[in-house]
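A look at the structure
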Amino acid sequence: MLWQGNQALRRFSTGQVYLKNKLKVALIGQSLFGQEVYSHLCKEGHRVVGVFTVPDKDGKADPLALAAEKNGTPVFKFPRWRVKGKTIKEVAEAYRSVGAELNVLPFCTQFIPMDVIDSPKHGSIIYHPSILPRHRGASAINWTLIMGDKKAGFSVFWADDGLDTGPILLQRSCDVEPNDTVDALYNRFLFPEGIKAMVEAVQLIADGKAARMPQSEAAATYEGIQKKENAEISWDQSAEALHNWIRGHDKVPGAWTEINGQVVTFYGSSLLNSSIPPGEPLEIKGARKPGLVTKSGLVLFGNDGKALMVRNLQFEDGKMIPASQYFSAGETSVVELTAEEVKVAETIKVIWAGILSNVPVIEDSTDFFKSGASSMDVVRLVEEIRQKCGGLQLQNEDVYMATKFEDFIQKVVRKLRGEDQEAELVVDYVSKEVNEMTVKMPYQCFINGQFTDADDGKTYDTINPTDGSTICKVSYASLVDVDKAVAAAKDAFENGEWGRMNARERGILMYRLADLLEENQEELATIEALDSGAVYTLALKTHIGMSVQTFRYFAGWCDKIQGSTIPINQARPNRNLTFTRKEPLGVCAIIIPWNYPLMMLAWKSAACLAAGNTLVLKPAQVTPLTALKFAELSVKAGFPKGVINIIPGSGGIAGQRLSEHPDIRKLGFTGSTLIGKQIMKSCAMSNLKKVSLELGGKSPLIIFSDCELDKAVRMGMGAVFFNKGENCIAAGRLFVEESIHDEFVTRVVEEIKKMKIGDPLDRSTDHGPQNHKAHLEKLLQYCEAGVKEGATLVYGGRQVQRPGFFMEPTVFTDVEDHMYLAKEESFGPIMVISKFQNGDIDGVLQRANNTEYGLASGVFTRDINKAMYVSEKLEAGTVFINTYNKTDVAAPFGGVKQSGFGKDLGEEALNEYLKTKTVTLEY
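So, here's what we can say about the structure. (Residues numbered from 1 in each chain as written. Predicted model: local features only at pLDDT ≥ 70, side-chain atom pairs only at ≥ 80, totals over all residues. Heavy atoms only, no water.)

Section: the sheet that holds strand β26 (residues 565-566)
In any sheet, the strands associate via hydrogen bonds between backbone groups, in a parallel or an antiparallel arrangement. Here we have 3 strands laid out as an open sheet, ordered β26-β27-β41, and antiparallel in their pairing. Among the strands making up the open sheet, the edge pair consists of β26 and β41 (914-922). Of the pairings in the sheet, the one linking strand β27 (residues 576-584) to β41 comprises 9 bridges and is antiparallel in character. Considered in β41, the bridge of T580 is made with T918. (Pairing = 2+ DSSP bridges. Helix = DSSP H or I, 4+ residues; strand = E, 2+ residues; numbered from the N terminus.)

Here is the structure:
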């Protein structure tokens, strides 16, 4: 490397020219954090002239030492820097020999003498994981959580002769999430942001811009080192204080108590904001009240009567188990290995031997951690097994729960066989005896393969529109829940099994899910009837039936997505090959409406999954239950954790966060034009995420006098009253040719009078309740507006006098183009009829197109030439000729103008969830 004074001109390895001032740095410390700081300093052009770290442990070098040695940087491994208070002469000489201008201490467990600290021209800077002067001392992260701080962070400060007392150079802070652990806080913020801050601090010093802000002693706190012996739980505290104590010691050193004469350490604490689940009592020494072993974990109680839940327990021998398995921990039998499983075990033994290089022979009794492995080795073990064992995806927790080699192999084999999959899914159902069956409905958020309460414990009532009664309370997702769901989807896409799965395997899972939807169609249709008011027979055929068809259709597309080769101009004498790749986008958000809850889910999520993306889906707040049932079935189908996430809640909170989230690459929305515009704006302002919008409609249906009138009446009614009029492509306005207008109206009214309005679960019902009370009230106001403007109310316009949200099918005539009814969508069972002059084809087309919407349209005529002319001139995404509502999974569906853009269904829908990459090579 070429140097002039303090300015690095060039790094020959990259050819990059550095224009900023650069320093000669001595790095003193250890760990993966130290290694990353070292690598980033080198990358930024600073010259690390020496690395001073700890000696090898059990024959293994520290990560910082490994990185420095690989890069040719001088490495010194001193067990200590001083003896009896005096600096060791040989150590001091070795340090001075490197000629550092600045000491950087990213993470250091050794005591460094002041003559070394003060030796460089610019002194020394240290990283400390708290917002100094709060939490001085070696267990700062622990105490941040133990004390219940709402803010965490770190400081980079100038070293002096005190304990974390030097002037502040810079600080960064973050919010503490309610269930953060030491590891979670460190990995999410303190580690990645700390590395950036250390590099930034060095550059500020090099540029002469580094601050020196004295610490306030008045605000200072100092806490001692947390060790196992002082981590015992004191039970006479509130639930929140107990939670903070447990998570403040998770994973190291581990908060513990005594159960049945044995020390048991608690991990994975969370506050329990919902009702206490049933369980088996467990006496705990010193606790005011026995704990409860439930299927979700161990419930503990504070002195304030509130509760928390612990997920995992560790015994004195190091064995860790799910807390839910406390009473059955010894019941798991040893499984016999097949020949293929023996090969996997042998491969894993080789991996263990590579990590535990200090252990001569890996035996069944070899303990991973007692043999010297660290948390960093856990990550390495999981990754090596994934790479060398056919993509087998373990979790870090699997290693902690089976630390002995024999136990670890047993866990691996059970995972290979899928034996633990069913046990992993815990579902708290709301059950109802209805429609001659027991309907079991999940009601919690579905995040990362698990049903869980909302982070803040909030719920809301979902209402049965048939009688206005509450079906159940549903989790009300918070911003924290949205972020968790997105993080799970991102991890599943980038690191999980889904991202490595080949397209055909993906298709198999989707076929399996379609089969499960079909097997459970009666239950799903019943839930749809309860939650949305859909007539059961229609729900069975359309809501559920088309959902099954959609998943089967897109399952078949999984292994047929392909790019193309493109002949390009050759630059002789070279030859080129150019081709395109169709690749998934990543994490996609899907926000669906309440009129077809499951079918809208299927239309969007099937294409999304077939393309290889992961998803976070927000169902409509008023109809969440079939989406949550779908989540349960996706687990049974074998979808990996994190691929599908369902977050019930409000559009203003959960929906808005999805549109703004920087890790989401695509948002698909079906709903109103007003909300669609807001979503599009948020998607653009956040990270320019791809958007597809299926929005409002005012679909015109033109009925000519030469039509087959019986068919036009029947299908015209279906165009308006299908699914209670809660249909995005419903005919919002009928144009009927003058010569048949009166007869058409008369026949429609006669047929309406034959319709049975009633319980959607009654097989003879034609017309069920509107979806929710607010929508019914809006429809009644719509009718009042029509009457005030002078339209003729021929039939209906009133609420049916019975419990629930029922409305009479309604017919208006004499609707003129300027009226509210002619312009605005009702989204209900309201037929709006306008007359047009005989033979005036162009005139009625002009009126039909005089709208900002363009979702669907229709025409009834026996004249094929007229039909084709009209279909060409109508400004809509779909045109129906002598039929209506005829959608198919293979035909693209979507609107134009303010009805949105992008397509659902058909091959075109796949393109909404794919990106095209062009690759050109020279040969």
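A word on the pairing of strand β25 (residues 469-475)
Regular strands place their side chains on alternate faces of the sheet. Note that strand β24 (residues 459-464) and β25 share 6 bridges and pair antiparallel. Its bridge partner being in β25, T459 is matched across the sheet by S475.

Quick look at helix α17 (residues 536-557)
With 22 residues, α17 should cover 32 Å at 1.5 Å per step; its first-to-last C-alpha distance of 30 Å lies within 8% of that length. Along its length, α17 shows its largest kink, about 35°, at G545. (Expected span 1.5 Å × (residues − 1). Bend = angle between axes of the 7 residues up to and from the residue.)

Observations concerning the side chain of T366
Here T366 shows up in the loop between α8 (339-355) and α9 (375-388). Judged by its relative accessible area of 9%, T366 falls in the buried class. (Buried < 20%, exposed > 50% of the residue type's maximum accessible area, 1.4 Å probe, protein only.)

So, the pairing of strand β13 (residues 255-259)
Counting buried residues along β13, 4 of its 5 residues qualify, which places the element largely inside the surrounding structure. In terms of strand pairing, β13 meets strand β14 (residues 262-272) through 5 bridges, oriented antiparallel. Directly across from I259, in β14, lies its bridge partner Q262. From the end of β13 to the start of β14, which pair antiparallel, there are 2 residues, and N260 there has a positive phi angle of about 50°.

With respect to the sheet that holds strand β36 (residues 810-813)
Spatially, 7 strands are ordered β35-β36-β37-β34-β33-β38-β39 in an open sheet, and the strand pairing comes out mixed. Pairing within the sheet leaves two strands with one partner each, and these edge strands are β35 (792-795) and β39 (878-881). Between one strand axis and the next, the sheet turns by 25° as a mean value, whatever way the strands run. Here strand β34 (residues 731-737) pairs with strand β37 (residues 830-836) via 4 bridges, running parallel. (Axes fitted to C-alpha atoms, helices over the stretch in contact; angles between N-to-C directions.)

Points about the packing of aromatic side chains
Scanning all chains against the criterion turns up 29 aromatic pairs. When the centroid spacing of 5.7 Å and the interplanar angle of 85° are considered together, the rings of F78 and W81 count as edge-to-face. Through a chain of ring-to-ring contacts, the aromatic side chains of F33, Y127, F154, Y186, F189 and F191 assemble into a single cluster. Taking NZ or CZ as reference, K866 lies 4.4 Å from the ring centre of F704, over its face. (Phe/Tyr/Trp six-rings, centres within 6.5 Å; stacked < 30°, edge-to-face > 60°. Lys NZ or Arg CZ within 6 Å of the ring centre and 35° of its normal.)

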